[in-house]
Amino acid sequence: MAAGNAGLQTGTARRRRATRRRFFLPAILFAASVVGFGCGGDGAAPTTPEPPEPAPPLDVPFGFTDLEEGEGPEVEDGWLLAIAYTGWLYDDSAPDNKGSEFISVAEEDPDSFRFGVGQVIPGIDRGVAGMRVGGRRRIVVPPDMGFGAQGNNLVPGNATLVFEVVLVAGAEVPFETIDLQVGSGEEAENGDSLSMAYHGWVYDLLAPDNKGDTFDSTTAENPFDFTLGVGAVIVGWDLGIVGMRVGGRRRIVIPHELAYGAAGRQPRIPPYATLLFEVELLAVE
């Protein structure tokens, strides 16, 4: 496989829910834009009006209320979580303070994030702390724990938000290797040149066998060649393949810190993604 291999090199189909999942990320604030295509005239681009100044923030503190206690395990830092949620702009005059709804994600198609690592806005990270799987919670998020004075294309500046969140699933997902078939050939050691076939998925708590979206694959007819243990591939591969024998197949679960970390590798591998591989060792040189 060429050096630009999307799944492994340390150096395209978009994920089904990438844009919606990105909504919570603190480092990404959507900016509204208007692109105009004029007819005739001098060809000058139309001007975009300046956005209005944000309203002053409300004096509403962060808080949460359990609407339904879950019966599953309590979340812990670093766990991979799947949540369904609806978000409203906080409105003093509306029933339950639920003003305009700006986003909704169903339990049948939840979003995933890693808890306690800063992947989501602080109000969500703090708000789901102590929840148990199956629980439902109302969370009030002031702007300093949400999208601040800037807001984004869904949320105005200085907006206080109301969320109702359902914790659909949650689990610790550590680094793991499982031999699916033990090979009978030469054993792979650091410094060896290896030839591999593999399939890579984004780990999904709710997908069959945890196989979410495919992001890369190779075959025995078009193998991926690399040197083991010299940093030519992600750390999880260097750790996960050592000890395999030619002819063997192995399942490797790789947390984000041993893969592409907080940045991910867009568009196929989102930030903080845990990865799942099934690999086959074809040859050792």
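Since this is a predicted model, take the numbers as computed values, not measurements.

Chemist: Can you walk me through the overall build of the protein in this structure?
Modeler: Helix and strand counts for the protein stand at 3 helices and 12 strands. With 285 residues in all, the protein has 47% of them scored as buried. Split by element, the accessible area of the protein, about 14,000 Å² in all, is 50% carbon and sulfur.

Chemist: So what exactly am I meant to see when it comes to the confidence of the model for the protein here?
Modeler: Detail in the predicted coordinates should be disregarded across regions flagged by low pLDDT. Here the protein averages 85 in pLDDT, and 82% of its residues register 70 or above. A low-confidence stretch, residues 9-46 stays under pLDDT 50, and its non-local contacts, those more than four residues away or across chains, total 72 contacts.

Chemist: Mind showing me how you'd approach the environment of Gly-135 here?
Modeler: Relative to the helices and strands, Gly-135 is located in the loop between α2 (122-127) and β5 (136-141). On the basis of relative accessible area, Gly-135 is assigned to the buried category, the value being 2%. Separated by 63 residues in the primary sequence, Gly-135 and Gly-72 have C-alpha atoms spaced 8.2 Å apart. The contacts of Gly-135, once residues within four sequence positions are left out, are Glu-68, Glu-69, Gly-70, Val-165, Val-166 and Leu-167.

Chemist: What exactly am I supposed to notice about the pattern of salt bridges here?
Modeler: A complete count under the given rule lists 9 salt bridges for this structure. One salt bridge in this structure joins Glu-164 and Arg-136, with 3.4 Å as the shortest N-O distance. One end of the pair, Glu-164, is in strand β6 (residues 161-171); the other, Arg-136, is in strand β5, and 28 residues separate them in sequence. Classification of Glu-164 by relative accessible area gives buried; the value is 18%. A salt bridge links Arg-245 to Glu-187, with the nearest nitrogen and oxygen atoms 3.3 Å apart.

Chemist: Explain a nonpolar patch on the surface to me, please; I cannot follow it from the model alone.
Modeler: On the surface, Phe-175, Val-235 and Leu-239 cluster together into a nonpolar patch covering about 240 Å² of accessible area. By secondary structure assignment, the location of Phe-175 is in the loop between β6 and β7 (176-181).

Quick notes on the rules
Residues numbered from 1 in each chain as written. Predicted model: local features only at pLDDT ≥ 70, side-chain atom pairs only at ≥ 80, totals over all residues. Heavy atoms only, no water. Helix = DSSP H or I, 4+ residues; strand = E, 2+ residues; numbered from the N terminus. Buried < 20%, exposed > 50% of the residue type's maximum accessible area, 1.4 Å probe, protein only. Areas by Shrake-Rupley, 256 points an atom, 1.4 Å probe, with all protein chains shown as cover. pLDDT = per-residue confidence, 0-100. Contact = heavy atoms within 4.5 Å. Salt bridge = Lys/Arg side-chain N within 4 Å of Asp/Glu carboxyl O. Patch = residues over 30% accessible without salt bridge, like charges linked within 9 Å, V, L, I, M, F, W, Y side chains within 5 Å.

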